[in-house]
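Okay, here's what each chain looks like letter by letter:
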Amino acid sequence: MTRVNVFRWAGGLAAVVTVASAYLATTGSRRFAERRYAERTAASAAAYLARVSTPTGEPAVPLDPAAFLRRVRVLATLPDWSPDVEVYLGTAPLVHPTEASLPLSTIASLSSRNAAEWLAGAAYAPIRGTTPGRVVGVVRIRPHLPADTTAPWLLGLLGLTALLGAIAATQLRRRLWARWLGAYAVSALAFGGVAASAAHASLQTATIQWLRETAVLIEDAGSRLPHTPSLALAETFKSLAADGALAPDTSSDPVLERALAGTKPGSPLPIWLGGGRWLSLQPPLEDWVVTARHAFGGTAALAGAILLIALSWGSGDREHPGWIEETLSAWVFLAPAGAHLVALTIAPLGVLIWVAVHHWDITTGSGAFVGLGNLVDVLSHADTWSALGRTALFALHAPVVTVLALFLALMARRAPTPVVRVLLVAPPFASVVAAGLIWKNGLAAWGLFAQPWSALWTLVCIAAVLQIGYQVPAFLAGLDRIPGALWDAAVLDGAGAWIRFRRITEPLLRPVTLSILVTGVVVAVQGFTLAFVTGPNAPDLAALHLYQLGWRQGRLDLAAALAILLAVVLATLAVFQVRIWGRGMTDEA
Amino acid sequence: MSAVALRGVTKTVGSASTPILHQVSLEVPDGEFLTLLGPSGAGKTTLLRCLAGLEQPTAGDVLIGEQVVTRSPPGARDVAMVFQAQALYPHLTVRGNLAFPLEVRGTSRALISRKVLMLAEHLGLERILDRRPASLSGGEQQRVALGRALVREPKVLLLDEPLGHLDPVSRSDLAAAIARWHAERPVTTIHVTQDLTEAFTLARRVAVLDGGRIRQTGTPREVYLAPADIQVARMMGRPGMNVLSGTAHHLKAGTEVQCGPLLIPVPLREYEGQILIGIRPENVSIGPAGRGMGDAKARLVEPSGPDTLLHLDTGEGVVVARIPGFLDVVPGTAVGVTFDVTQLHFFDSSGMRLS
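Computed from a prediction, not measured in an experiment: that's the story for all the values here.

### A few points about the overall build of chain B
- On a plain count of helices and strands, chain B comes out with 8 helices and 20 strands.
- With 355 residues in all, chain B has 50% of them scored as buried.
- Counting only contacts in chain B whose residues sit at least 6 apart along the sequence, the fraction spanning at least 24 positions is 65%.
- Carbon and sulfur atoms make up 51% of the accessible area of chain B, which totals about 16000 Å².

### What to know about the environment of Ala162 of chain A
Residues and elements named next belong to chain A.
- Within the secondary structure, Ala162 sits in helix α4 (residues 151-170).
- With relative accessibility at 37%, the residue Ala162 sits in the partly exposed group.
- Residues Ala162 and Tyr184, spaced 22 residues apart in sequence, show a C-alpha to C-alpha distance of 7.9 Å.

### Quick look at the interface of chain A and chain B
- Contacts between the two partners involve 19 residues from chain A and, on the opposite side, 25 residues from chain B.
- For the pair chain A and chain B, the summed buried surface comes to about 1900 Å²; carbon and sulfur atoms form 64% of the total.
- In terms of surface lost to chain B, no three residues of chain A exceed Leu492, Asp493 and Arg503 of chain A, which account for 38% of the buried area on that side.
- At the junction of chain A with chain B, the criterion picks out 3 salt bridges.
- Between Arg49 of chain B and Asp488 of chain A there is a salt bridge, with the nearest N and O atoms lying 2.9 Å from each other.
- Where chain A packs against chain B, one counts 7 residue pairs in polar contact (both at pLDDT 80 or more).
- The set of elements that each furnish at least two residues to the side of chain A that touches chain B consists of α16 (484-492) and α17 (497-525) of chain A.
- Residue composition of the side of chain A that touches chain B, grouped by class: 12 nonpolar, 3 polar and 4 charged.

### Description of the packing of helix α15 (residues 452-481) of chain A against α17 of chain A
Residues and elements named next belong to chain A.
- Where α15 contacts α17, the axes come no closer than 10 Å and their chain directions differ by 155°. Classified by the interaxial angle, the pair formed by α15 and α17 is roughly antiparallel. In terms of crossing hand, the pair formed by α15 and α17 is right-handed. Residues Gln467, Gln471, Ala474, Phe475, Gly478 and Leu479 of α15 form the contact with α17, whose own contacting residues are Thr505, Leu509, Val512, Thr513, Ile516, Gly520 and Val523.
- Considered class by class, the residues forming the contact of α15 with α17 number 7 nonpolar, 6 polar and no charged.

### Considering a nonpolar patch on the surface
All names here are of chain A.
- Together, Leu393, Leu396, Trp453 and Trp457 make up a nonpolar patch on the protein surface, roughly 440 Å² of accessible area in all.
- Take Trp457: it is sitting in helix α15.
- Using a relative accessible area of 45% as the deciding quantity, one classes Trp457 as partly exposed.

### Some words on the sheet that holds strand β20 (residues 345-347) of chain B
Residues and elements named next belong to chain B.
- The sheet built from 5 strands is open, its strands ordered β13-β12-β11-β14-β20 with antiparallel pairing. The two strands at the open ends of the sheet, each matched to only one other strand, are β13 (262-266) and β20. Averaged over neighbouring strand pairs, the angle between their axes works out to 40° when direction is ignored.
- The pairing of strand β11 (residues 242-250) with strand β14 (residues 273-279) spans 7 bridges and is antiparallel. The residue of β14 that forms the bridge with Ser245 is Leu276.

### Quick look at the packing of aromatic side chains
Residues and elements named next belong to chain B.
- Counted by the stated rule, this structure contains 6 aromatic pairs over all chains.
- Centroid distance Phe200 to Tyr224: 6.1 Å. Interplanar angle 80°. Geometry classified as edge-to-face. Of the two residues, Phe200 sits in helix α6 (residues 196-202) while Tyr224 sits in helix α7 (residues 220-225), which places them 24 residues apart along the sequence.
- Relative accessible area serves as the criterion here: at 29%, Phe200 is assigned to the partly exposed category.
- On the basis of relative accessible area, Tyr224 is assigned to the partly exposed category, the value being 23%.

### Here we look at the environment of Ser267 of chain A
All names here are of chain A.
- By the element assignment, Ser267 lies in the loop between α7 (255-261) and β7 (269-272).
- By relative accessible area, which is 18% here, Ser267 ends up buried.
- In this structure, the C-alpha to C-alpha distance between Ser267 and Pro283, residues 16 residues apart in sequence, is 7.2 Å.

### Some thoughts on unusual backbone geometry
Residue and element names in this part refer to chain B.
- At Glu66, a position not held by glycine, the phi torsion is positive, near 70°.
- Among the structural elements, Glu66 can be located in the loop between β4 (59-64) and β5 (67-68).
- Phi at Asp78 is positive, roughly 55°, even though this residue is not glycine.

### Notes on the sheet that holds β7 of chain A
Residues and elements named next belong to chain A.
- If you trace the 3 strands from one edge of the open sheet to the other, you get β6-β8-β7, paired in antiparallel fashion. Looking at strand neighbours, the two that pair on one side only are β6 (245-248) and β7, the edges of this open sheet. Taken over all neighbouring pairs, the strand axes of this sheet differ in orientation by 25° on average, direction set aside.
- Where β7 lies against strand β8 (residues 278-282), 4 bridges are found, and the strand directions are antiparallel. Its bridge partner lying in β8, Ile271 is registered against Leu279.

### A look at the environment of Ala253 of chain B
Residues and elements named next belong to chain B.
- Checked against the element boundaries, Ala253 lands in the loop between β11 and β12 (255-259).
- Taking the relative accessible area as the measure of exposure, Ala253 reaches 86% and is therefore exposed.
- Considered as a pair, Ala253 and Pro265 are 12 residues apart in the sequence and their alpha carbons are 9.3 Å apart.

### Considerations on the pattern of salt bridges
- Per the stated rule, a full pass over the model turns up 20 salt bridges over all chains.
- Of the charged contacts, one joins Arg413 of chain A and Asp480 of chain A as a salt bridge, the two residues approaching to 2.8 Å between their closest N and O atoms. Of this pair, Arg413 of chain A sits in helix α12 (residues 397-414) while Asp480 of chain A sits in helix α15, and the two are 67 residues apart along the sequence.
- Using a relative accessible area of 32% as the deciding quantity, one classes Arg413 of chain A as partly exposed.
- A salt bridge links Glu161 of chain B to Lys44 of chain B; the nearest nitrogen and oxygen atoms lie 4.0 Å apart. In this pair, Glu161 of chain B sits in the loop between β7 (156-160) and α5 (168-184) while Lys44 of chain B sits in helix α1 (residues 44-52), placing the two residues 117 residues apart along the sequence.

Conventions and cut-offs
- Residues numbered from 1 in each chain as written.
- Chains lettered and ligands numbered in written order.
- Predicted model: local features only at pLDDT ≥ 70, side-chain atom pairs only at ≥ 80, totals over all residues.
- Heavy atoms only, no water.
- Helix = DSSP H or I, 4+ residues; strand = E, 2+ residues; numbered from the N terminus.
- Buried < 20%, exposed > 50% of the residue type's maximum accessible area, 1.4 Å probe, protein only.
- Contact = heavy atoms within 4.5 Å.
- Areas by Shrake-Rupley, 256 points an atom, 1.4 Å probe, with all protein chains shown as cover.
- Buried area = accessible area lost by both parts, 1.4 Å probe.
- Salt bridge = Lys/Arg side-chain N within 4 Å of Asp/Glu carboxyl O.
- Polar contact = N/O pair within 3.5 Å; in protein donor to acceptor, adjacent residues only side chain to side chain.
- Nonpolar A, V, L, I, M, F, W, Y, C, P; charged D, E, K, R; others polar.
- Axes fitted to C-alpha atoms, helices over the stretch in contact; angles between N-to-C directions.
- Parallel < 35°, antiparallel > 145°, perpendicular 65-115°, else oblique.
- Left-handed = near helix turned anticlockwise from the far one by under 90°.
- Patch = residues over 30% accessible without salt bridge, like charges linked within 9 Å, V, L, I, M, F, W, Y side chains within 5 Å.
- Pairing = 2+ DSSP bridges.
- Phe/Tyr/Trp six-rings, centres within 6.5 Å; stacked < 30°, edge-to-face > 60°.

Function-wise, these values are silent; they only describe arrangement.
As structure tokens, then:
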């Protein structure tokens with residue numbers, strides 16, 4: 001690789017890193033704030049439930065389930081306290097009883113730690129009894145912060161910064177490039193500033209939200225203990241304050257003044273419990289380090305990446321003046337296809353692999369890492385093996401059909417009218433579903449779909465007709481690419497039809513045949529639609545088996561593992577076909 | 001080796017009203033090298049394909065070695081053909097390509113390898129025997145194509161513009177190789193070209209084909225010096241012969257032809273009326289305006305080194321003159337034109353040569 005090429009790649013990589021890191025910087029701080037909020041609120045709610053489930057306010061084990069259930073109902077309907085909350089007694093959900101139960105693994109991991117745990121977009125906090133380490137219930141909170149209004153500004157500034165950076169890079173070493181670079185730097189700094197303030201605002205919003213909701217909890221809990229003085233209440237409800245602090249409010253301000261004091265960010269929130277009792281809930285200090293980290297990270301990534309691009313272009317090819325513009329326009333043209341590829345192929349593939357190596361729960365979208373355990377599991381089922389066997393049998397039609405299609409293509413070239421070609425090419429004009437249903441309904445009358453085995457063979461025939469429709473035109477196109485003079489020369493040399501086919505047509509057509517054969521086998525192994533529309537007696541082909549496993553039995557992880565195994569087998573098969581049969585194939589042929 | 005003959009061969013494609021070949025009759029004695037010369041679209045390749053059996057004539061007969069082979073399959077005619085391009089098997093090596101015609105005929109392996117080696121040596125292909133056609137130069141490819149045609153020693157060899165796509169150096173190399181081979185083993189050869197030089201280098205006899213008809217046959221010299229009609233005349237040489245239309249007047253002193261501004265005394269006796277006069281560019285000379293047979297305006301000056309082509313507008317048509325060396329004529333000026341009257345060709349108003 002030449003030096004220019006290295007720089008070109010570095011520039012491209014830097015561009016991708018820029019966008020990714022700037023995106024992370026803008027969304028990361030908000031996600032962090034949401035997580036903070038959910039973890040604190042879950043912890044507060046768990047402490048609240050532990051306190052209010054007994055008349056004395058002291059936690060008790062065993063917990064009274066009836067009282068606990070009542071408290072949970074109250075919690076879910078508290079005014080001004082409307083987070084997406086779920087409470088589990090053991091593993092059973094109480095707020096929405098029809099929801100999925102809590103996996104035991106979550107309880108196990110919670111019992112070993114004190115703080116709330118963040119899992120797949122929600123915070124889980126344990127409710128403990130008096131026995132140390134014993135988790136009796138779990139509170140789950142999903143964040144619900146108000147929408148972030150700075151997001152459009154951030155994105156706009158990001159776009160402006162990127163634009164200025166690109167201009168600065170293209171203008172490199174030209175007359176005004178320093179000014180463009182300056183404008184870019186200002187814009188990058190502005191982006192950093194806005195990102196920092198947005199991050200700080202998100203954190204503040206999260207804290208205030210938590211503060212108000214915890215105040216509601218403390219008010220409710222306090223009203224159940226009407227005779228306990230403020231000092232004792234502050235001690236009893238200490239655990240509700242999570243990482244904040246709760247103290248009796250000793251100020252002598254009028255009631256209205258006190259209530260208004262709570263609206264200032266960062267100041268303690270006064271809580272009125274009736275009977276002259278006031279508590280003051282002090283929020284934890286805002287985490288400036290986090291804010292700065294996000295902002296600095298975003299700015300640095302942006303600046304560094306563009307600088308790298310500029311450097312790479314600057315050290316580029318002096319002999320080729322237009323290449324910066326060419327590189328830029330190339331990226332512009334590549335971007336849609338690249339985004340499409342990443343979004344629809346690479347990313348789903350990554351998800352598939354991730355799912356395949358985890359004991360993945362379809363309801364929670366998470367699970368523990370099991371490595372090859374899923375594969376071992378799925379292969380230990382007899383069903384899997386019979387599905388694989390049936391698929392292999394079904395796929396055997398592909399080579400037969402390819403030979404048939406080649407023969408038909410050779411015949412069609414001699415056909416006097418184009419009608420023959422149209423007839424051969426016609427079948428795939430219908431969609432596979434439509435064709436499958438038409439065939440199925442037509443052939444069902446003869447009882448062909450009554451038995452699994454006859455259904456399999458009928459399916460093979462339908463697939464063959466559809467495949468021929470794809471393959472004949474491909475062969476015809478391949479044949480048209482062979483210069484006619486080659487056959488003329490062979491005819492003059494006295495070669496008969498068979499020798500001409502064996503020695504000239506077949507070797508020159510081999511790349512086409514090979515790709516058709518590989519595609520045919522792949523299509524056959526992936527054959528899902530036909531089997532799917534055939535109905536209850538459908539042969540359980542591998543693709544259909546995957547579907548049943550994933551969506552009917554809810555084991556997407558097993559299905560993913562099997563899908564990966566199938567892909568590996570198919571790839572191996574294709575490589576073997578090309579290696580063995582493609583030997584001696586020429587590039588130009 | 002055998003003589004080849006075409007008897008009244010006509011070829012029509014589909015329902016087209018103009019046949020590609022029209023009543024073509026041609027005799028090629030055993031061992032002769034005949035060149036079919038004609039512009040593109042004249043029907044040269046169709047004629048070869050009819051001879052080879054790749055196409056069936058609509059009417060007429062093809063004879064090879066006294067036998068009518070019109071209905072015989074190509075493989076039975078023992079004819080070999082070198083195609084214009086793209087006729088080497090891309091998936092075989094040079095050796096495989098050369099051996100193919102013999103393998104098809106069931107020749108023994110030992111004989112095949114001996115013949116291939118001999119031929120390769122003769123055509124200078126030893127060093128490229130194990131390469132694939134795609135890695136060869138155009139000249140090498142056509143040399144291999146020639147070798148493949150010659151390897152089974154056919155009765156008749158057909159060459160379809162074998163030098164057409166080659167650069168000048170490979171072209172003369174291959175032409176020399178063909179000529180040498182033919183001198184050593186005189187196989188009846190029919191060679192198709194639209195290039196006059198190529199025809200003159202190789203051919204002993206030339207047949208001029210135009211519009212699906214044979215216009216003239218003869219030695220290159222005959223065809224060049226006495227073209228049978230104005231089509232042939234225009235085809236010969238580059239640029240071709242100038243043809244001027246004029247009126248002949250019989251006077252006491254001799255015959256004179258008035259072609260626009262040019263008054264040309266001609267060595268014709270007692271000819272009166274419309275006439276076409278042909279004169280080659282090299283037989284036109286120029287002088288100051290007012291001298292010579294009449295004046296014409298210089299239109300275009302094309303220097304080419306040894307000589308300069310001067311396009312002269314007579315008002316009745318353009319006459320091209322080939323003047324030795326470089327020329328200081330400014331386009332637009334009038335010059336006097338003189339024809340070498342001993343080199344004039346005469347055609348009647350239908351285009352046929354006047355003897």
